[in-house]
Amino acid sequence: MNIGIVLISHATLASEIKKVIEFIRGEESSFLCVDVEDSDHTEGIRKELEKAIKEAQRGDGVLILSDLFGATPSNLCLGLLKKGEVELISGYNLPMLLKLSQIQQNLSLEELLLFLTEYGRKHIFCPTRQCPTP
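Residues numbered from 1 in each chain as written. Predicted model: local features only at pLDDT ≥ 70, side-chain atom pairs only at ≥ 80, totals over all residues. Heavy atoms only, no water.

**Section: the environment of M96**
For step 1, the next point in the chain: Along the chain, the position of M96 falls in helix α4 (residues 94-103).
For step 2, the next point in the chain: The residues contacting M96, other than those within four sequence positions of it, are L65, I89, G91, L116, Y119 and G120. (Helix = DSSP H or I, 4+ residues; strand = E, 2+ residues; numbered from the N terminus. Contact = heavy atoms within 4.5 Å.)

**Points about the pairing of strand β2 (residues 31-36)**
Within a regular strand, the side chains alternate between the two sheet faces.
For step 1, the next point in the chain: Of all six residues in β2, five are buried, a share of seventy percent or more.
For step 2, the next point in the chain: Both strand β1 (residues 4-10) and β2 contribute to a ladder of six bridges, which runs parallel. Note that in β2 the partner of H10 across the bridge is V36.
For step 3, the next point in the chain: In this fold, the crossover linking β1 to β2 by way of helix α1 (residues 13-25) has right-handed handedness. (Buried < 20%, exposed > 50% of the residue type's maximum accessible area, 1.4 Å probe, protein only. Pairing = 2+ DSSP bridges. Right-handed = clockwise from strand over helix to strand, strands pointing away.)

**Here's the deal with the sheet that holds strand β3 (residues 62-66)**
For step 1, the next point in the chain: Taken in spatial order, the four strands make up an open sheet running β2-β1-β3-β4, and their pairing is parallel. Of all strands in the sheet, those with a lone pairing partner are β2 and β4 (86-90), marking the two edges. Averaged over neighbouring strand pairs, the angle between their axes works out to 20° when direction is ignored.
For step 2, the next point in the chain: Inspection of the sheet shows β3 paired to β4 by five bridges, in the parallel sense. Residue pairing for β4: L63 is matched across the bridge by E87.
For step 3, the next point in the chain: Docked against the sheet, α1 engages β1 and β2, running at close to 145° with respect to β2.
For step 4, the next point in the chain: The strands touched by helix α2 (residues 42-56) within the sheet are β1, β2, β3 and β4, with β2 carrying the most contacts at an inclination of about 175°. (Axes fitted to C-alpha atoms, helices over the stretch in contact; angles between N-to-C directions.)

Take it as geometry only, folks, not as evidence of what the structure does.
Below, the structure is given as structure tokens:
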């Protein structure tokens, strides 16, 4: 599979988390980033997001990952989603993005959505309490 990846976030979180991934794994050219630094200019940001989606398209769909559901970055995505073609996961963490950089070529878009959602949940720990996430 050849799934494109777009990260979108408040401020520069998307670009900064990509830098962390590259610090750990090396260059990561498959992640495109859209930083929402000024929510007063949503039309310009939407155009930037549309451009990133188009650029990320590699034939098997595009997965957008936003930092927080219900806020400007994820809300800008909602009107651009197409089931099976452009999908969204809201709420990402470093473990799931690191895993994504390893596995995206082996799963369909739907399989990737399900896998990453569960993977992100499973990789949140409370080491002193050994508390599982719901």
